Amino acid sequence: MQTLFQDLRYALRQLRHSPAFTLTAVITLALGIGANTAIFTLVHAVLLQSLPVANPGQLYKLGDRYNCCVMGSLQGQDWAMFSYRFYLQAREHTPAFEELAAAQTNRHGLSVRVAGENSPAELFGGELVSGNYFSTFGLRPAAGRLLTSTDDSAAATPVAVMSYRTWQRRYGADESLIGKALIVNGNPVTLIGVAPPGFFGERLESDPPDFWLPLSYEPTLDGQGGLLNQPLAFLYVIGRLKPGPQPAQVQAQLTAELRSYLATPGNVYSALGDISKKIPKQEIHLAPGGSGFQQMKYTYEKGLYLLMSASAVLLIIACANLANLLLARSTGSRSRIALQLAMGASRRRIIAAQLTESVLLACLGGAAGLLLAFYGTKAMLLIAFRGAEFVPISASPSIPVLGFTFVVALLTGIAFGAGPAWLASRSDPAEALRGTNRATRDRSALPQKSLVVLQAGLSLALLCIAGLLMQSLRNLQNQDYGFQRQGRLVLRIDPQAAGYTPERLMPLYRKIEDRFSSLPGVASESLSIYAPQQHDSWGESVYFPGKPKPDDNSSWWDRVSAHYFESIATPIVQGRGFNEQDTATSQKVAIVNEAFVRRFLLNQDPIGQHFGMDFQANANDFTIVGVAKDAKYRNAEEPATPMFFVPLEQPITYQNPDMSRLIAQSLYMHSIQLHVAADPDAMIPAVRRAFADIDPNLALLSIRSYADQVKIMNSDKALISRLSGVFGLLALLLASIGLYGVTAYRVARRTSEVGVRMALGATRTDILALVLQGAFAQVGLGLLIGIPLAIGAGKLLAHQLYGVSFFDPIIMAVAVGVLALCALLASILPAGRAASIEPIAALRTE
């Protein structure tokens with residue numbers, strides 16, 4: 001310990017005497033370590049961190065993938081969503097679980113106000129969960145009590161639990177609120193407690209629930225009988241295993257329960273036809289549930305691993321830069337080290353002192369990197385979750401993040417300090433004390449040049465990757481989506497949360513259309529269940545009269561108002577669009593897209609064809625009156641999928657009462673589209689005021705331009721593209737600094753050689769060319785390494801690219817050109833300094 005403290009004092013003294021070197025080293029390390037820490041903060045939160053619950057290692061979830069939101073079809077070999085009936089059956093017949101809880105896959109909009117107060121209702125997010133939800137997670141309330149199984153029954157008084165964040169931010173942690181009645185969607189609900197701080201639910205996602213209500217309350221929220229009495233999958237299921245049972249055994253038991261349930265006559269799956277051959281292929285995978293249902297992992301996993309790799313490469317470049325600085329510095333202090341060796345210091349002692357200085361530098365850089373990581377993480381969250389009000393990921397470093405930063409700093413200090421320390425210890429005391437200054441005897445020349453080559457190669461690879469990803473993002477954002485984004489506003493509403501019943505919906509919609517059509521600056525308006533690129537979709541199977549069922553008869557669909565296609569500027573390429581004559585009493589009609597025609601009506605005239613959805617008995621429900629151009633409603637990276645559209649006022653009737661109740665939900669429009677003549681952002685205040693005139697109890701969930709909506713859908717790609725671009729520029733900057741430092745150092749070391757050359761007749765142009773040739777020789781070797789690296793990395797990233805090949809000659813040429821230009825700028829100053837050396841002064845330096 002005494003030796004360690006001596007080395008620390010010595011290192012601090014050395015760093016204090018070299019402020020320029022110390023500052024450069026700390027900034028370089030802060031960039032490299034800070035980038036890695038920022039990315040790891042997201043990696044830890046999204047991919048590694050467990051839910052803030054008791055003993056998360058005991059939790060297991062049914063299904064190992066993410067899915068949403070209501071399904072009435074078989075799910076194959078990994079069921080992830082389940083009906084309420086199956087949940088009850090599994091809970092009763094699987095004794096291996098201490099508790100088995102359920103949560104609804106989609107969230108509800110809740111209109112909430114405190115009973116007896118005159119303040120207007122506010123809109124919150126709500127989630128329906130089983131009564132044993134909180135006890136399954138082993139949670140204790142921050143105030144009041146949490147839900148219990150007795151709360152989850154039709155006869156129980158409606159109750160709710162509030163999130164701690166909502167209690168703090170919206171209600172000032174008012175404890176008197178506990179036990180009071182809230183008016184939720186027009187119905188009284190008693191607030192019984194507040195969830196513990198930091199708990200955001202069973203899955204990490206932006207804008208987590210503000211309230212949790214028991215599943216028994218679902219029919220009241222639904223207003224149409226609800227999903228509890230229907231054999232439709234709409235629940236996630238997670239449980240806590242008892243000590244002893246093996247997950248594989250429990251998984252086999254659950255799979256057997258599922259197959260038995262599917263074989264029961266009368267469930268919704270029996271309406272799909274003969275499913276007896278498919279039942280043996282239906283399975284439940286029991287997966288560790290400590291991290292919950294990982295929606296964010298599904299979206300961001302590949303991108304985060306890519307960014308982690310890019311930040312690691314940036315750190316390697318920073319280490320190479322620091323190693324070069326230390327090599328140059330140690331060469332300049334060879335006389336001091338030689339004197340230490342001559343006085344009896346061991347080579348081991350010299351190496352230990354040098355490594356202590358390196359590790360100290362790395363720790364200082366890590367400390368500065370934590371500050372950069374904090375603000376970098378904040379910026380990444382803004383990019384990745386654009387449009388979200390709250391994301392339950394903290395930018396502040398947690399204990400694991402601090403530990404990661406310390407380990408990275410320690411390894412970094414050893415990595416860039418080990419080589420220079422070893423070379424310094426190999427100095428010849430006699431030679432160093434004689435003061436020789438010939439470059440030919442410099443042991444550090446080859447390592448320095450090798451590190452510059454490595455930096456150039458890695459920088460080129462990062463630049464090419466950044467170029468590919470940025471071009472991919474541009475292609476994705478600038479493609480033809482099949483609808484117009486400019487001059488459009490999209491509004492989100494939830495009439496059901498405001499207490500509207502199906503009977504009151506049509507007057508509300510007419511009022512909305514009348515109010516916006518009279519608003520100056522609005523060219524057209526429309527309503528729909530959802531609009532393109534809105535994180536929503538409704539899918540059903542389609543049937544045609546007198547035709548066998550296609551191998552793939554799935555299609556997405558939407559309910560829209562008369563001017564929908566005009567509002568979003570999707571052309572009708574054949575037939576007609578909807579109009580005011582398509583009412584509840586007129587012939588049922590539909591408009592299909594081009595992908596629908598290609599899949600189901602190839603080589604046929606689609607106009608006048610009939611089809612229906614869900615059952616063969618409904619195959620004559622709709623008559624096709626128009627074909628719309630393909631538009632990308634869901635994944636912007638994939639071709640448009642088959643879709644059909646039905647008029648807002650035309651109902652769909654079924655003999656099956658369960659399906660009738662489900663389809664009744666399609667009457668609730670959640671999206672309003674406005675075509676505006678002025679700048680959409682400038683129109684937002686006027687649109688808000690107009691909307692407030694329609695119904696003060698109808699809350700506006702969001703309002704944004706359509707261009708912004710598309711950017712939100714591509715936010716994960718934007719995060720990867722922009723950060724890779726930042727990493728590429730930082731790598732280029734560090735490589736340029738490294739090349740400048742090495743070139744300047746080599747020029748200083750070769751002063752006498754330059755004097756001899758000039759004395760023998762070399763011109764200043766010759767000296768300039770000599771220095772530049774040496775610098776570009778290193779960059780050229782870097783290109784030989786970097787080009788294959790870039791091509792190989794592009795192949796690995798091919799699945800993340802859109803509209804661009806993994807090898808793009810233009811991007812490669814631009815990257816090479818930028819690297820060459822930066823190399824020229826980095827070496828031209830030392831080269832000019834060498835060319836200006838006076839021969840007499842140079843010869844006197846020996």
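Everything below is about the structure shown above.
The text that follows walks through the structure, step by step, so that each part is easy to find. (Residues numbered from 1 in each chain as written. Predicted model: local features only at pLDDT ≥ 70, side-chain atom pairs only at ≥ 80, totals over all residues. Heavy atoms only, no water.)

**Quick notes on the overall build of the protein**
A tally of helices and strands in the protein yields 24 helices and 22 strands. The dimensions of the protein, computed from C-alpha atoms along their principal axes, are 105 × 60 × 60 Å. By residue count, 54% of the 846 residues in the protein fall in the buried class. In the protein, once contacts between residues fewer than 6 apart in sequence are set aside, the share between residues at least 24 apart is 83%. Charge-centre separation for the protein: the mean point of 71 positive side chains lies 14 Å from the mean point of 62 negative side chains. (Helix = DSSP H or I, 4+ residues; strand = E, 2+ residues; numbered from the N terminus. Buried < 20%, exposed > 50% of the residue type's maximum accessible area, 1.4 Å probe, protein only. Contact = heavy atoms within 4.5 Å. Lys, Arg positive; Asp, Glu negative; His and termini not counted. Charge placed at Lys NZ, Arg CZ, Asp CG, Glu CD.)

**Here we look at the pairing of strand 3 (residues 108-114)**
With respect to burial, strand 3 is a largely interior element, six of its seven residues being buried. Where strand 3 and strand 4 (residues 122-129) come together, five bridges link them in antiparallel fashion. Bridge pairing links Ser111 to Leu123 in strand 4. Bridge count between strand 3 and strand 7 (residues 181-184): three bridges; the pairing is antiparallel. Across the sheet, residue Val112 finds its bridge partner in strand 7, namely Val184. (Pairing = 2+ DSSP bridges.)

**Re the pattern of salt bridges**
If you walk through the whole model with that rule in mind, you get 15 salt bridges. Among the salt bridges present, the one from Arg107 reaches Glu205, with a minimum N-O distance of 2.4 Å. Here Arg107 is found in the loop between strand 2 (97-104) and strand 3, whereas its partner Glu205 is found in the loop between strand 8 (187-194) and strand 9 (211-214), with 98 residues between them in sequence. Relative accessible area serves as the criterion here: at 23%, Arg107 is assigned to the partly exposed category. Salt bridges linked by common partners bring Arg107, Glu127, Glu202, Arg203 and Glu205 together as one network. (Salt bridge = Lys/Arg side-chain N within 4 Å of Asp/Glu carboxyl O.)

**Thoughts on the layout of surface pockets**
Considering only enclosed or pocket space, the second largest pocket measures out at about 320 Å³ in volume. Put simply, the parts of the chain that give the lining of the second largest pocket at least two residues each are helix 13 (445-478), helix 20 (715-749), helix 21 (751-759) and helix 22 (764-796). Looking at which element gives the most residues to the lining of the second largest pocket, the answer is helix 22, with seven residues. (1 Å grid on protein atoms, 1.4 Å probe; cavity = no way out; pocket = protein on both sides within 12 Å on 5 of 7 lines; lining within 4 Å. Points joined across faces, edges and corners; volume = space filled by probe spheres on them.)

**So, the packing of aromatic side chains**
Evaluated as defined, the whole model comprises 37 aromatic pairs. Linked through ring pairs, Trp538, Phe544, Trp557, Phe596, Phe600, Phe611, Phe622 and Phe644 together constitute an aromatic cluster. (Phe/Tyr/Trp six-rings, centres within 6.5 Å; stacked < 30°, edge-to-face > 60°.)

**Some words on the pairing of strand 18 (residues 610-613)**
Relative to strand 18, strand 14 (residues 538-543) runs antiparallel, the two being bridged by two bridges. Across the sheet, the residue bridging to Tyr543 is Gly612, located in strand 18. Judged from the two bridges that link them, strand 18 and strand 19 (residues 622-628) form a sheet pairing that is antiparallel. Note on strand 19: the bridge partner recorded for His610 is Thr623.

**With respect to the environment of Tyr668**
Its place among the elements puts Tyr668 in the loop between helix 17 (657-664) and strand 21 (671-676). Using a relative accessible area of 1% as the deciding quantity, one classes Tyr668 as buried. Taking the C-alpha atoms as reference points, Tyr668 and Ile529, separated by 139 residues in sequence, lie 6.7 Å from one another. Engagement of the side chain of Tyr668 in a polar contact is seen with the backbone oxygen of Tyr500, the distance being 2.9 Å. (Polar contact = N/O pair within 3.5 Å; in protein donor to acceptor, adjacent residues only side chain to side chain.)

**Some points on the packing of helix 21 against helix 22**
Running from N to C, helix 21 and helix 22 cross one another at 140°; their axes reach a closest spacing of 10 Å. Judged by the inter-axis angle, helix 21 sits oblique to helix 22. The hand of the helix 21/helix 22 crossing is right-handed. On helix 22, the residues touching Val754, Arg757 and Met758 of helix 21 are Arg764, Ile767 and Leu770. (Axes fitted to C-alpha atoms, helices over the stretch in contact; angles between N-to-C directions. Parallel < 35°, antiparallel > 145°, perpendicular 65-115°, else oblique. Left-handed = near helix turned anticlockwise from the far one by under 90°.)

**Re empty space enclosed by the protein**
Taken as a whole and judged by the stated rule, the model has eight cavities of 30 Å³ or more. Within this model, the largest cavity holds a volume of roughly 110 Å³. As for the largest cavity, its lining consists of 13 residues, of which Ala45, Val46, Gln49, Leu204 and Ser291 are closest to the centre. Listed by contribution, the elements that provide at least two residues to the lining of the largest cavity are helix 2 (19-48) and helix 8 (295-332). Take the lining of the largest cavity: its biggest share by element is three residues, from helix 8. When the residues that make up the lining of the largest cavity are grouped by side-chain class, the tally is seven nonpolar, five polar and one charged. (Nonpolar A, V, L, I, M, F, W, Y, C, P; charged D, E, K, R; others polar.)

**Observations concerning the side chain of His108**
By the element assignment, His108 lies in strand 3. On the accessibility criterion, His108 (17% relative accessible area) is buried. Not counting the four nearest positions on each side in its chain, His108 is found in contact with Phe124, Gly125, Gly126, Leu128 and Leu221.

**Quick look at the environment of Val687**
Mapped onto the secondary structure, Val687 falls in helix 18 (residues 680-694). Sequence separation of Val687 and Phe404 is 283 residues, and the distance between their C-alpha atoms is 48 Å.

**Concerning the side chain of Asp210**
Locating Asp210 in the fold gives a position in the loop between strand 8 and strand 9. Buried charge Asp210 goes without a salt bridge, the closest partner of opposite sign being Arg165 at 5.1 Å. A polar side-chain atom of Asp210 sits 2.6 Å from a polar atom in the side chain of Thr166. In contact with Asp210, not counting residues within four places along its chain, are Phe124, Gly125, Val161, Met162, Ser163 and Thr166.

**Description of the packing of helix 3 (residues 84-93) against helix 7 (residues 247-262)**
The contact between helix 3 and helix 7 brings their axes to 10 Å, and the two run at 135°. Between helix 3 and helix 7, the crossing angle belongs to the class labelled oblique. The element helix 3 and its partner helix 7 pack so that their crossing is right-handed. Of helix 7, the residues touching helix 3 (which contributes Arg85, Phe86, Gln89, Ala90 and His93) are Gln253, Leu254, Glu257, Leu258 and Tyr261. Of the residues assigned to the contact of helix 3 with helix 7, the class counts are five nonpolar, three polar and two charged.

**Describing the nonpolar core**
Residues Phe134, Phe137, Phe199, Ile393 and Phe416 are the most contacted members of the largest nonpolar core, which totals 91 residues. With 17 residues, helix 8 is the largest single contributor of residues to this core. Apart from residues no more than four positions distant in its own chain, Phe199 is found in contact with Pro52, Val53, Tyr133, Phe134, Phe137, Leu139 and Trp212. Core analysis: the second largest hydrophobic core is formed by 74 residues, Phe622, Val627, Met643 and Leu648 among them. (Core = buried A, V, L, I, M, F, W, Y, C linked by side-chain atoms within 4.5 Å.)

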